[in-house]
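Descriptive structure summary
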Amino acid sequence: MVNGMLVSWADIVVLVGGVPVTGITGVEYGESQEIVNKWGAGRHPVGRAKGRITPSCKLILYQEEVQALSAQSPTGRLQDLPPVDIIVQYIPDSGQLVTDKIRNINFSENARKWKEGDTGQEVELPGVPSHIEWGKAA
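Residues numbered from 1 in each chain as written. Predicted model: local features only at pLDDT ≥ 70, side-chain atom pairs only at ≥ 80, totals over all residues. Heavy atoms only, no water.

**Comments concerning the overall build of the protein chain**
In plain terms, the rule: A run of H or I in DSSP becomes a helix once it reaches four residues, and a run of E becomes a strand once it reaches two; helices and strands are each numbered from the N terminus. Our radius of gyration looks at C-alpha atoms and nothing else; its globule reference is 2.2 Å times the residue count to the power 0.38. To sort residues, take the accessible area from a 1.4 Å probe on protein chains only and compare it with the maximum for the residue type: under 20% means buried, over 50% means exposed, and anything in between is partly exposed.
On a plain count of helices and strands, the protein chain comes out with one helix and eight strands. In the protein chain, the order of α-helices and β-strands from amino to carboxyl end is β-β-β-β-α-β-β-β-β. The C-alpha atoms of the protein chain give a radius of gyration of 19 Å, which is well past the 14 Å a tight globule of 138 residues would have. The C-alpha extent of the protein chain, read off along each of the three principal axes, is 60 × 40 × 30 Å. Here the protein chain holds 138 residues, and the buried ones make up 28% of them.

**Regarding the pairing of strand S1 (residues 12–16)**
Basically, it comes down to this: When DSSP finds two or more bridges between a pair of strands, those strands are recorded as paired.
As judged from the five bridges shared by S1 and strand S5 (residues 84–90), these two strands associate in the antiparallel manner. Within S5, the residue paired with Val14 across the bridge is Val88. Taken together, the two bridges between S1 and strand S2 (residues 19–20) define a ladder with antiparallel strand orientation. When the sheet's bridge partners are listed, Leu15 is paired in S2 with Pro20. Linkage of S1 to S2, two consecutive antiparallel strands, is achieved through a turn of two residues, within which Gly17 is found at a positive phi near 60°.

**Looking at helix H1 (residues 63–70)**
Which entries qualify depends on this criterion: Our arc is simply the arc of the directions from the helix axis toward the C-beta atoms. Throughout, a residue-residue contact means that at least one pair of heavy atoms, one from each residue, lies within 4.5 Å.
Within the span of H1, buried status applies to Gln63, Val66, Leu69 and Ser70. Within H1, the buried residues cover an arc of 115° as seen down the axis, which keeps them to one side. Looking at the buried positions of H1, the neighbouring elements they touch are S1, strand S4 (45–62), strand S6 (98–107) and strand S7 (122–128).

Written out as structure tokens, the structure reads:
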């Protein structure tokens, strides 16, 4: 059961390569793991085995932030940037800072989607991290 105030977007700080990003409208990250039943005698599984952990992430940034990132690349391509860490920090109602670390990300796409009536350009940047370190409130 949740009591008190919940974490909101205004409570989150995102750092890319150690630099706070203000032109961000979304961040998504997670991991999935293969877990399979193992069969032996009888009709029911006798245990489970765990396989690979696959991390994922995506940033949603304004075009201006993407341009700043692109300027760091020797070719202007986001895919040619060296791996970077993304840090997501927030303070839940407990008052204890939580820090999640998305490690060694390479951006896998660099695309724009413009349409009539746009007043700003948001760019989705999927990334391929090596792993995620999940923070805990102390």
